[in-house]
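# Geometric and topological summary
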Amino acid sequence: MSKTGSDLFLDLQDYSITKEKFSIILDSDFHVYKTVPTPKADELGRYYQSEKYISHSDQRKSFFQKIYQRAKKNAIIRKLNFIDTLRPDGKSILDIGCGTGEFLLHAKNKGWQTYGFEPSAQARGLAQNKGIHLVLDTKDIKSASLDVITMWHVLEHVSDLDKQIKELRRLLKPDGVLLVAVPNYESYDAKYYGKFWAAYDVPRHLWHFSRSSIVQLFAKYNFSIQGLYPLVFDSFYVSLLSEEYKTGKKNWLKAFWIGLKSNVRAKSNLNYSSITYIFEKD
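Summarised in this report is the structure supplied together with it.

Conventions we followed
Residues numbered from 1 in each chain as written. Predicted model: local features only at pLDDT ≥ 70, side-chain atom pairs only at ≥ 80, totals over all residues. Heavy atoms only, no water. Phe/Tyr/Trp six-rings, centres within 6.5 Å; stacked < 30°, edge-to-face > 60°. Helix = DSSP H or I, 4+ residues; strand = E, 2+ residues; numbered from the N terminus. Buried < 20%, exposed > 50% of the residue type's maximum accessible area, 1.4 Å probe, protein only. Lys NZ or Arg CZ within 6 Å of the ring centre and 35° of its normal. 1 Å grid on protein atoms, 1.4 Å probe; cavity = no way out; pocket = protein on both sides within 12 Å on 5 of 7 lines; lining within 4 Å. Points joined across faces, edges and corners; volume = space filled by probe spheres on them. Nonpolar A, V, L, I, M, F, W, Y, C, P; charged D, E, K, R; others polar.

A few words now on the packing of aromatic side chains. How two aromatic rings sit relative to each other is set out by the distance from centre to centre and by the angle between their planes. This model, assessed by the stated rule, comprises 19 aromatic pairs. Arranged with centres 4.4 Å apart and planes meeting at 25 degrees, the rings of Phe9 and Tyr33 form a pair that is stacked. In this pair, Phe9 is assigned in strand S1 (residues 8–13) and Tyr33 in strand S3 (residues 32–36), connecting sequence segments 24 residues apart. Its relative accessible area of 19% is what places Tyr33 among the buried residues. One aromatic cluster is present, built from ring pairs that chain together Phe9, Tyr33, Tyr185, Trp197 and Tyr200. Over the aromatic face of Trp152 sits the side chain of Lys79, whose NZ or CZ is 4.2 Å from the ring centroid. The ring of Phe223 is capped by Arg169, whose NZ or CZ atom sits 5.7 Å from the centre of that ring.

Gaps left between atoms are located by rolling a probe of water-molecule size over the structure's atoms. Under the counting rule described, the total for this entry stands at two cavities of 30 Å³ or more. Considering only enclosed or pocket space, the largest cavity measures out at about 60 Å³ in volume. The wall of the largest cavity is formed by 13 residues, among which Gln13, Tyr15, Asp201, Val202 and Tyr245 lie closest to the centre. Here the second largest cavity is characterised by a volume of approximately 40 Å³. Grouping the amino acids of the lining of the second largest cavity by side-chain chemistry returns seven nonpolar, three polar and one charged.

Shape is all these values report; function is a separate question.
In structure tokens, the structure reads:
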């Protein structure tokens, strides 16, 4: 896809690992923003090969890692409690991009029949050590067999949106629920940090969504939006990384203030830093 003045959204770089330069442009097929140049499938792995990419790690060595893992544990409890309110009689749950498996482990301990899919070999090994049932390909799961499917910050990493959303529709029961969590570039912290906003995370994030664009995207595949669930911790975490990208320092107090300000503003306009969208099949 060519980059023109009309479809260019932002020029930025991979501040986290490689320092390579990328752009975010409008994709005319899906009407969402896309990272270009898009790394080829066999090139993507090197953009994840860093200790900084802590979502594929269970490490708790540094103070930052300890804070992250503690916050993640609390978020997992809240997420499953919320799912229980949506489907109190639900039995089966698939987590696509299950990472190191903590969410599914908690769900399993609460009586759910759990399935996980994770492309990262490192994260997959940690999940398997926890006793998580993983599938190598979701095509091995029966059609219309799942009560709940979750994608916690995964859709933005998916190379083929059309194939992925069609597969979600195939797997979900007629009365099932799909939860998709992605960053929101219309949040206050995104606008404040601009090209330094850590949730752009190019090129690992191939796609970038607003509230309206993701709802319109899923509507094309006959999914209807049922509600929103904000991930309020994300604004603090993303602001902390963004401060480091922008200034070279963590600036904990400044990051906390921007994250708090973002959440407060979102109470009125719903533009949280990250949002979980609850979909059902039409």
